[in-house]
Amino acid sequence: MLSNKTIEIVKSTAPILAERGVEITSYFYKSLFEAHPELLNIFNHANQKQGRQQTALANTVYAAATYIDQLEVLLPAVKQIAHKHRSLNVKKEHYPIVGEFLLKAIKDVLGDAATPDIIEAWGEAYAVIAQVFIDVEEEMYNKAKNEAWEEFKAFKIVKKEQESSVITSFYLEASDGKPVPNFQAGQYITIRLSIPGEEYLLNRQYSLSDSPGKQTLRISVKRETGENIDQNGKVSNYLHDSVNVGDEVEITAPAGDFVLDGSANSPLYLISGGVGITPMLSMLKTVGDNQPNRMVTFIQAANDGKVQAFEHEVSETVHSMPNAKKFVILQHPTSSDREENKFDFEGYLDLQKLEQLVKEKDATFYVCGPAPFMGSVIENLQRLGVKSENINYEFFGPAIDLKQY
Ligand code: HEM
């Protein structure tokens, strides 16, 4: 139990730390990795370089500090992060290391302003926050151990298939021949690769794109292009160019809480932008397997017909479900997309289009895609009168922050 004095100090200094948050956590990561370079086998170097992880961790620690006397409020957010930690094999013995360097960073960046009382209070608060994560994660490790496996396990690529000009699917089978684990539609796996020329192992999360109960696990990876190609695209390009049938990769057991509620029978809207289709397709196929009469509207936005993936699979699934519909929105359709009648709407999935598509405001909504797409879809759904609690979404990349609490 923290003393009232500690709680008071932590709460009153949290805003000062938040203000210098990015500075403190940037310093923290630099000194952490200097002392413990082995942790670079766990952290995503692209996120580090872009400062995304710094912001996520900083925001979380300060939000947690603000709620230090009622941490249960943060549990849903803790669970989401804990899923990510478990899938990356973050272990309880890592927490004291992170704590030591975080405190050192607070001390060094704040200088004289960080009095011994303040440092002591934050040390105690960090221990309490860390214990919440450790407990939640321990439960997740036990579940993974019982239902799948605990850490990384070798899987073989048994099929590689191009789904669009930028998305390729990889079908994975356990190298030890054991059956693949069950999972919930919407979950992801972490894949860990040793890439020639790279000093450290690289980890990335990919959603499972097929329904559970198959002989293989399937991920569908978008090839990253553009300015930050070195950082962002290392793993996806390596998978596309150099990982082939017969090769082995290491993965952790399925994780994540952005999952289909298969116990509900409410009308369902599955809305995706770009490669955000991967968890949505898993959900669609799962409903097709288990609740074929459920009302489902599958809305897929893509730039054009060349990058639009899974056209055949979506159509086949939707046609097998009497109450399912699908709509394709292409932002910049090509002339052949027009000739082949490949889309239902042209342009951006804006308020007007959503108004035409969304007939049941009390339905359950799942949204996945790039951040700007999701931001605008969520805002427009709310404008149409959909309640926030009925909108489920997942951003790719680090969870943005805990400001919503
Ligand atoms: C991801 C917070 C401890 C390693 C994250 C994220 C948050 C966070 C908010 C982003 C979640 C997302 O991507 O959805 C915290 C807090 C901690 C803590 C508040 C302490 C109380 C640790 C420890 C380690 C660790 C001890 C291991 C040394 C990671 C890694 C990621 C991550 C590898 C994935 C993102 C990346 O690779 O850049 N954490 N974390 N974290 N955390 Fe933690």
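Numbers given for residues are sequential positions, taken from 1 along each chain in its written order. With the structure being a predicted model, the display of local features is reserved for residues of pLDDT at least 70 and the display and counting of side-chain atom pairs for 80 or more, all residues being used for whole-chain, interface and lining totals. Side-chain numbers come from the whole structure's heavy atoms, not from hydrogens or water.

**As for the overall build of the protein**
Here comes step 1: Strands here mean DSSP runs of E at least two residues long; helices mean DSSP runs of H or I at least four residues long; both are numbered from the N terminus. When helices and strands are counted, the protein shows 14 helices and 12 strands.
Here comes step 2: Just to be clear, the radius of gyration here is over C-alpha atoms, and the globule rule we use is 2.2 Å times residues to the power 0.38. The globule rule puts the C-alpha radius of gyration for 405 residues at 22 Å, and the 22 Å found for the protein is close to it.
Here comes step 3: Under the scheme applied here, a residue whose accessible area is under 20% of the maximum for its type counts as buried, over 50% as exposed, and between as partly exposed, the area being computed with a 1.4 Å probe on protein chains only. Counting across all 405 residues of the protein, residues that qualify as buried make up 54%.
Here comes step 4: In what follows, residue pairs with any heavy atoms lying within 4.5 Å of each other are defined as contacts. Contacts spanning at least 24 positions in sequence make up 74% of the contacts within the protein whose residues lie at least 6 apart.
Here comes step 5: Carbon and sulfur atoms make up 49% of the accessible area of the protein, which amounts to about 19,000 Å² in all. Accessible surface area values rest on a Shrake-Rupley calculation with a 1.4 Å probe, where residue burial reflects the displayed protein chains alone.

**Quick look at the coordination of the iron atom of the ligand**
Here comes step 1: Any nitrogen, oxygen or sulfur atom within 2.8 Å of a metal ion counts as a donor, with the limit raised to 3.2 Å for Na, K and Ca, and since water is left out, coordination shells can look unfinished. One donor from the polypeptide reaches the iron atom of the ligand: His 85 (NE2), at 2.1 Å.
Here comes step 2: Position of His 85 relative to the elements: it lies in helix α5 (residues 75-87).

**Focus: the pairing of strand β3 (residues 188-193)**
Here comes step 1: Taken across its six residues, β3 has six buried, putting it largely inside the fold.
Here comes step 2: Side chains Tyr 188, Thr 190 and Arg 192 project from β3 onto one buried face, and the interleaved Ile 189, Ile 191 and Leu 193 project onto a second face that is buried too.
Here comes step 3: Paired strands, as defined in this entry, are two strands with at least two bridges between them according to DSSP. Pairing analysis gives six bridges linking β3 to strand β4 (residues 202-207), with the strands arranged antiparallel. When the bridges of β4 are listed, Tyr 188 appears paired with Ser 207.

**Looking at the nonpolar core**
Here comes step 1: Put simply, buried Ala, Val, Leu, Ile, Met, Phe, Trp, Tyr and Cys residues joined by side-chain atoms within 4.5 Å make one nonpolar core. Ranked by internal contacts, the top residues of the largest apolar core, which has 52 residues, are Phe 28, Leu 32, Ile 68 and Trp 122.
Here comes step 2: Among the elements of the structure, α1 (4-19), α2 (21-35), α4 (52-66), α5, α6 (94-110) and α7 (116-147) are those that each provide at least two residues to this core.
Here comes step 3: No other element matches α7, which puts 12 residues into this core.
Here comes step 4: Here Trp 122 is in contact with Val 10, Thr 13, Ala 14, Leu 17, Val 61, Tyr 62, Ala 65 and Leu 103, once residues within four sequence places are set aside.

**Thoughts on the sheet that holds strand β6 (residues 248-251)**
Here comes step 1: Taken together, the six strands give an open sheet; going across it, the order is β4-β3-β6-β1-β2-β5, and neighbouring strands pair in antiparallel fashion. Among the strands making up the open sheet, the edge pair consists of β4 and β5 (217-222). Taking the axes of each pair of neighbouring strands and ignoring which way they run, one obtains an average angle of 40° across the sheet.
Here comes step 2: Axis lines are fitted to C-alpha atoms, over the contacting stretch for helices. Their N-to-C directions set the angle, which ranges from 0 to 180 degrees. The strands touched by helix α9 (residues 234-242) within the sheet are β1 (153-162), β2 (167-174), β3, β4 and β5, with β4 carrying the most contacts at an inclination of about 75°.

**Re the environment of Ser 194**
Here comes step 1: You can see Ser 194 is positioned in the loop between β3 and β4.
Here comes step 2: For Ser 194, a relative accessible area of 57% gives the class exposed.
Here comes step 3: Taking C-alpha positions, Ser 194 is 25 Å from Ile 81, a pair spaced 113 residues apart along the chain.
Here comes step 4: Those residues in contact with Ser 194 that lie beyond four places of it in its chain are Leu 201 and Tyr 238.

**Some thoughts on the packing of α1 against α7**
Here comes step 1: Following both chains from N to C, one finds α1 and α7 inclined at 100°, their axes separated by 9 Å at the closest point. On the basis of the axis angle, α1 is roughly perpendicular to α7. On α7, the residues touching Lys 5, Thr 6, Ile 9, Val 10, Thr 13, Ala 14 and Leu 17 of α1 are Asp 117, Ile 118, Ala 121, Trp 122, Glu 124 and Ala 125.
Here comes step 2: Residue polarity follows a fixed list, in which Ala, Val, Leu, Ile, Met, Phe, Trp, Tyr, Cys and Pro are nonpolar, Asp, Glu, Lys and Arg are charged, and the others, Gly among them, are polar. Along the lines of polarity and charge, the residues of the contact of α1 with α7 split into eight nonpolar, two polar and three charged. Orientation labels follow simple angle bins: below 35 degrees gives roughly parallel, above 145 gives roughly antiparallel, 65 to 115 gives roughly perpendicular, and whatever is left gives oblique.

**A short note on the packing of α5 against α7**
Here comes step 1: Packing of α5 against α7 brings their axes to within 9 Å, and their N-to-C directions diverge by 55°. Taken together, the axis directions place α5 and α7 in an arrangement best described as oblique. Here the hand of the crossing between α5 and α7 comes out right-handed. On α7, the residues touching Leu 75, Val 78, Lys 79, Ile 81, Ala 82, His 83, His 85 and Arg 86 of α5 are Val 132, Phe 133, Val 136, Glu 137, Met 140, Tyr 141 and Ala 144.
Here comes step 2: Per-class residue counts for the contact of α5 with α7 are 10 nonpolar, two polar and three charged. Put simply, a crossing is left-handed when the front helix is turned counterclockwise from the back one by less than a right angle, and right-handed when it is turned clockwise.

**A look at the packing of aromatic side chains**
Here comes step 1: Paired rings are identified among Phe, Tyr and Trp, the last through its six-membered ring, by centres lying within 6.5 Å, and are further divided according to the angle between planes into stacked (under 30 degrees), edge-to-face (over 60) and tilted (the rest). A full pass over the atoms with the stated rule returns nine aromatic pairs.
Here comes step 2: A ring pair is formed by Phe 28 and Tyr 29, whose centres lie 4.8 Å apart and whose planes are at 50°; its orientation type is tilted. With respect to burial, Phe 28 and Tyr 29 carry one shared label: buried.
Here comes step 3: Arranged with centres 5.8 Å apart and planes meeting at 65°, the rings of Phe 258 and Tyr 366 form a pair that is edge-to-face. Residue Phe 258 is found in the loop between β6 and β7 (268-273), and its partner Tyr 366 is found in strand β11 (residues 364-368); the two are separated by 108 residues along the sequence. Pair check on accessibility: Phe 258 and Tyr 366 agree, each one buried.

**Overview of the sheet that holds strand β10 (residues 345-346)**
Pairing between the strands of a sheet comes from backbone hydrogen bonds, and it takes one of two forms, parallel or antiparallel.
Here comes step 1: As summarised here, the arrangement of the six strands in space is β10-β9-β8-β7-β11-β12, forming an open sheet in which the pairing is parallel. The sheet is open, and its two borders are formed by β10 and β12 (391-394), each paired with just one other strand.
Here comes step 2: As judged from the two bridges shared by strand β9 (residues 324-330) and β10, these two strands associate in the parallel manner. Each bridged residue has a counterpart across the sheet, and for Leu 330 the counterpart in β10 is Glu 346.
Here comes step 3: Packed on one face of the sheet, helix α10 (residues 277-290) meets β7, β8 (296-302) and β11 and runs near 155° to β7.
Here comes step 4: Sitting on the sheet, helix α14 (residues 371-383) is in contact with β7, β8, β11 and β12, with an inclination near 160° to β11.

**What about the pattern of salt bridges?**
Here comes step 1: Any carboxyl oxygen of Asp or Glu within 4 Å of a side-chain nitrogen of Lys or Arg constitutes a salt bridge here. Inspection of every chain in the model, using the stated rule, returns 21 salt bridges.
Here comes step 2: Put simply, Glu 161 and Lys 159 hold a salt bridge, and the shortest N to O gap is 3.9 Å.
Here comes step 3: Residue classification places Glu 161 among the partly exposed residues on the basis of a relative accessible area of 32%.
Here comes step 4: One salt bridge connects Lys 214 with Asp 210, and the closest N-O pair in it is separated by 3.4 Å.

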